[in-house]
Amino acid sequence: MALPRRVEVTIMGRSFKVPCSPEEEPALMAALNLLNNRMKEIRDNGKVVGTERIAMMAGLNIAHEFLSRGGGDQAARLKKLAEMNELLDAVLDEQPPLF
């Protein structure tokens, strides 16, 4: 596997740099599109205000769908979610503040 590089992505008009190997980039882009589309749906629905709250609701909805899928090992899915959360925390810590 190739070493990770920094890929710039945009979510709801805000740019982030995410570490990603070339092999993982298609999956990253698919996840980015899913999150961005969910956030836009929530924003356009008008019931949630503020980018941070929209992101939290989109993440919660996606996590719920992921965990409620039938079959498979829920413990493995929870572990994967925890790993993803750690990566997101690391990426967000590196981003400049909005205000």
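Right above here is the structure, for reference.
None of the values given here were measured: they were computed from a predicted structure.

What counts, and where the lines are drawn
- Residues numbered from 1 in each chain as written.
- Predicted model: local features only at pLDDT ≥ 70, side-chain atom pairs only at ≥ 80, totals over all residues.
- Heavy atoms only, no water.
- Helix = DSSP H or I, 4+ residues; strand = E, 2+ residues; numbered from the N terminus.
- Buried < 20%, exposed > 50% of the residue type's maximum accessible area, 1.4 Å probe, protein only.
- Contact = heavy atoms within 4.5 Å.
- Areas by Shrake-Rupley, 256 points an atom, 1.4 Å probe, with all protein chains shown as cover.
- 1 Å grid on protein atoms, 1.4 Å probe; cavity = no way out; pocket = protein on both sides within 12 Å on 5 of 7 lines; lining within 4 Å.
- Points joined across faces, edges and corners; volume = space filled by probe spheres on them.
- Nonpolar A, V, L, I, M, F, W, Y, C, P; charged D, E, K, R; others polar.
- Core = buried A, V, L, I, M, F, W, Y, C linked by side-chain atoms within 4.5 Å.
- Pairing = 2+ DSSP bridges.
- Axes fitted to C-alpha atoms, helices over the stretch in contact; angles between N-to-C directions.
- Parallel < 35°, antiparallel > 145°, perpendicular 65-115°, else oblique.
- Left-handed = near helix turned anticlockwise from the far one by under 90°.

Draft legend 1. Layout of the overall build of the protein. A count of helical and extended segments in the protein gives 3 helices and 2 strands. Ordered by position from N to C terminus, the α and β elements of the protein give β-β-α-α-α. Out of the 99 residues in the protein, the part that is buried amounts to 18%. Contacts in the protein between residues far apart in sequence, at least 24 positions, make up 29% of those at least 6 positions apart. Accessible surface for the protein amounts to roughly 7400 Å². Of this, 59% is attributable to carbon and sulfur atoms.

Draft legend 2. Representation of the layout of surface pockets. Put simply, the largest pocket is a space of about 1900 Å³. Residue lining of the largest pocket: 43 residues in total, with Ile11, Ala31, Leu35, Met84 and Leu88 positioned closest to the centre. Of all the secondary structure elements, the ones that give two or more residues to the lining of the largest pocket are strand 1 (5–11), strand 2 (14–20), helix 1 (25–45), helix 2 (51–68) and helix 3 (74–94). For the lining of the largest pocket, the element with the highest residue contribution is helix 3, accounting for 12 residues. Of the residues that constitute the lining of the largest pocket, the class distribution is 30 nonpolar, 4 polar and 9 charged.

Draft legend 3. Layout of the nonpolar core. Judged by nonpolar contacts, the single largest core of 13 residues is most densely connected at Val7, Val9, Ile11, Phe16, Val18, Leu28 and Met39. When contributions to this core are tallied by element, the ones reaching two or more residues are strand 1, strand 2, helix 1 and helix 2. Setting aside residues up to four positions removed in sequence, valine 9 forms contacts with Arg14, Ser15, Phe16, Val18, Leu28, Met29 and Leu32.

Draft legend 4. Focus on the pairing of strand 2. Bridge analysis of strand 1 against strand 2 gives 7 bridges, and the strand direction is antiparallel. In the sheet register, valine 7 faces strand 2, and the bridge partner there is valine 18. Hairpin connection between strand 1 and strand 2: a loop of 2 residues separates the two successive antiparallel strands, and methionine 12 in this loop has a positive phi of roughly 50°.

Draft legend 5. Broad picture of the packing of helix 1 against helix 2. Two elements in contact, helix 1 and helix 2, have axes separated by 9 Å at closest approach and are oriented at 120°. Between helix 1 and helix 2, the crossing angle belongs to the class labelled oblique. The two elements helix 1 and helix 2 cross, and the hand of that crossing is right-handed. Of the residues in helix 2, those touching helix 1 at Leu34, Leu35, Arg38, Met39, Ile42 and Arg43 are Thr51, Ile54, Ala55, Met57, Ala58, Asn61, Ile62 and Glu65. Its residues placed into classes, the contact of helix 1 with helix 2 shows 9 nonpolar, 2 polar and 3 charged.

These figures capture arrangement, not role.
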